[in-house]
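The chain contents come next:
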Amino acid sequence: MNCLDFRRQIGAEPASHDVAVVQHRAECATCAAYQDELLAMDVLLARAMRISLRPPESGAKTRPAPRSTVPPRRWLALAASLVIGILVAATLWVSYPAPTLASEVIGHVSHEPGAWNARDPLGADAIGAVLAPSGIRLRDGAVEVTFAKRCFFERHWVPHLVVQTVNGPVTVLLLAHRQVESLAHIDGQDFTGVVLPAPRGSIAIVGRNVSGLDDIARQVFEAVEWDV
Amino acid sequence: MLPAPARYRFAVFERALAGPEINPPKARSLYMNSDDRGTDRQRRFGALCEALRPDLIRFAFWLARDRALAEDVVQEALLRAWKSFDALTDEAKAKQWMLTIVRREHARTWERKRLETVNLDALVQAEAPVLASDDDAALAEMREALFRLDDDYREPLVLQVMMGYTTNEIAAHLGLTQGAVLTRLFRARHKLRTAMAVDGTENEA
């Protein structure tokens, strides 16, 4: 099986256990990373398909209304109501807080708790295949990576690593697309972490009840090399 | 007020779902009389409905791309399923059986209502509350991308990812060859990847 055949088959069945697929995956780190991307997309896809079945809020669903038979003299009042409604909706829309980077990071990490269970260090090829598309490298031996995958995050594919530290595993998201002005702390749902500016974009580091985060952040920051 | 035939159909359906509350379950017996058999039938059907209804509605939603229409389709499909429940000999295949009924009911509804071609942007806007996700922007993005996929690509993908169908089962369900199903699944994922990736150059291998 060559790379093209592999990608055709994986594109239709990302979780395929076909012998030829498994064999090619073991031999080609780039195709293995591609399969991991598709598997990550399928996880997101499965969650996306499971829509909430809570009854829609009243007024949330807009059905085509029957032709109005309201007398003309009431049009003015209707128009005034409409303008007020639009103004209220616009005010709510503008003032509605966008999801913060911290909440996005926690949301992403909490959906992949199994990533922290990986214990075997990954080889340079496997890590490189995940980092290379984003123009990022890790310095040899600077950190021990036990999980590496490309994930959807804020409409971008980003490297998602799990790095083993003396204080336990931490998740590292390398966010080349996201600039931050200064270091910010993440705290919520038992997760603690930091987001720090990087030469290109930012780095999010999150652990569960992990101590010594500043030292870990420094270690990770110094381990990552960016193509600027 | 519903017309008389519709009232009758809803009464039948209500009774079918309500089974155990209306008729307390009796001890099973080899000498079960017709009332007992009826009660047992209602109980089994009620249990199946309770277990399968959420996934049936989700499936219907991704077919119809309309939450209210999905509820209607599933309601009608369950009525039909109740009427032909005796034809289901293996309850392990109930999910597949009901999905087929939902799919046919959706096609019937589509034909009956002669639904007009709709503006996709307007459709997305109308279903925004269903597609939204409070805490995960990627989830909402994916829902919209899936929502905008052509029916030919969306349905096999839903059957595979949400319902856990194999490509063989999808082929049988949709009346296609397995090769056609594989092609549709490949293209569906390719379209989703393209839709989701803002800077697609880094993702295309």
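Residues numbered from 1 in each chain as written. Chains lettered and ligands numbered in written order. Predicted model: local features only at pLDDT ≥ 70, side-chain atom pairs only at ≥ 80, totals over all residues. Heavy atoms only, no water.

Asker: How do you make sense of the pairing of strand β2 (residues 144-153) of chain A when you look at a structure like this?
Answerer: Residues in a regular strand project their side chains so that they alternate between the two faces of the sheet. Residues and elements named next belong to chain A. The buried fraction of β2 amounts to 9 of the 10 residues, a majority that puts the element mostly inside the structure. With 9 bridges connecting them, β2 and strand β3 (residues 156-165) associate as antiparallel partners. Looking across to β3, one finds that arginine 150 is bridged to proline 159. The turn joining β2 and β3, which pair antiparallel and follow one another in sequence, is formed by 2 residues; a positive phi near 50° is taken by glutamate 154. (Buried < 20%, exposed > 50% of the residue type's maximum accessible area, 1.4 Å probe, protein only. Helix = DSSP H or I, 4+ residues; strand = E, 2+ residues; numbered from the N terminus. Pairing = 2+ DSSP bridges.)

Asker: Help me out: how do you make sense of empty space enclosed by the protein in this one?
Answerer: Residues and elements named next belong to chain A. Using the criterion set out here, one finds 3 cavities of 30 Å³ or more in the structure. By volume, the largest cavity is sized at about 180 Å³. Along the wall of the largest cavity there are 14 residues; nearest its centre are Leu44, Arg47, His108, Glu112 and Phe152. Counting only elements with at least two residues in the lining of the largest cavity, the list comes to α3 (29-49), α5 (101-110) and β2. Ranked by the residues each element gives to the lining of the largest cavity, the list is headed by α3, at 4 residues. Broken down by class, the residue content of the lining of the largest cavity amounts to 7 nonpolar, 3 polar and 4 charged. (1 Å grid on protein atoms, 1.4 Å probe; cavity = no way out; pocket = protein on both sides within 12 Å on 5 of 7 lines; lining within 4 Å. Points joined across faces, edges and corners; volume = space filled by probe spheres on them. Nonpolar A, V, L, I, M, F, W, Y, C, P; charged D, E, K, R; others polar.)

Asker: What am I meant to see in the packing of aromatic side chains here?
Answerer: Here the distance between the centres and the angle between the planes together describe a pair of aromatic rings. Residues and elements named next belong to chain B. Under the defined criterion, the tally for this structure stands at 8 aromatic pairs over all chains. When the ring of tryptophan 62 is compared with that of phenylalanine 147, the centres are 6.4 Å apart and the planes differ by 70°; the resulting orientation is edge-to-face. Of this pair, tryptophan 62 sits in helix α2 (residues 34-64) while phenylalanine 147 sits in helix α7 (residues 137-147), and the two are 85 residues apart along the sequence. As far as the burial class goes, tryptophan 62 and phenylalanine 147 line up, both buried. Three or more aromatic residues joined by ring pairs form one cluster here, namely Phe45, Trp82, Phe85 and Trp97. (Phe/Tyr/Trp six-rings, centres within 6.5 Å; stacked < 30°, edge-to-face > 60°.)

Asker: For this particular structure, what's the right way to read the interface of chain A and chain B?
Answerer: Interface size, as often reported, equals the accessible area lost upon joining of the parts. Taken together, the 37 residues of chain A in the interface contact 41 residues of chain B. Counting each side, the surface lost to burial between chain A and chain B is near 3,800 Å², with a carbon and sulfur contribution of 58%. Counting the surface chain A buries against chain B, the share from its top three residues, Met49, Ile51 and Arg155 of chain A, is 20%. Connecting chain A to chain B are 3 salt bridges. Across the pair aspartate 55 of chain B and arginine 50 of chain A runs a salt bridge whose closest N-O atoms are separated by 3.4 Å. Viewed at the interface, chain B and chain A are joined by 10 residue pairs in polar contact (both at pLDDT 80 or more). Those elements giving two or more residues to the side of chain A that touches chain B turn out to be α1 (3-12), α3, β2 and β3 of chain A. Residue composition of the side of chain A that touches chain B, grouped by class: 18 nonpolar, 6 polar and 13 charged. (Contact = heavy atoms within 4.5 Å. Buried area = accessible area lost by both parts, 1.4 Å probe. Salt bridge = Lys/Arg side-chain N within 4 Å of Asp/Glu carboxyl O. Polar contact = N/O pair within 3.5 Å; in protein donor to acceptor, adjacent residues only side chain to side chain.)

Asker: Looking at this structure, I do not really get helix α10 (residues 178-196) of chain B. What am I missing?
Answerer: Side chains that are three or four residues apart share a direction in an α-helix, a result of its 3.6 residues per turn. Residue and element names in this part refer to chain B. If you check α10, its first and last C-alpha atoms are 27 Å apart, about what 19 residues at 1.5 Å a residue would give, namely 27 Å. Restricting attention to buried positions, one finds in α10 the residues Val181, Leu185, Ala188, Arg189, Leu192, Arg193 and Met196. Down the axis of α10, the smallest arc covering the buried residues is 130°, so these residues share one side. (Expected span 1.5 Å × (residues − 1). Arc of directions from axis to C-beta.)

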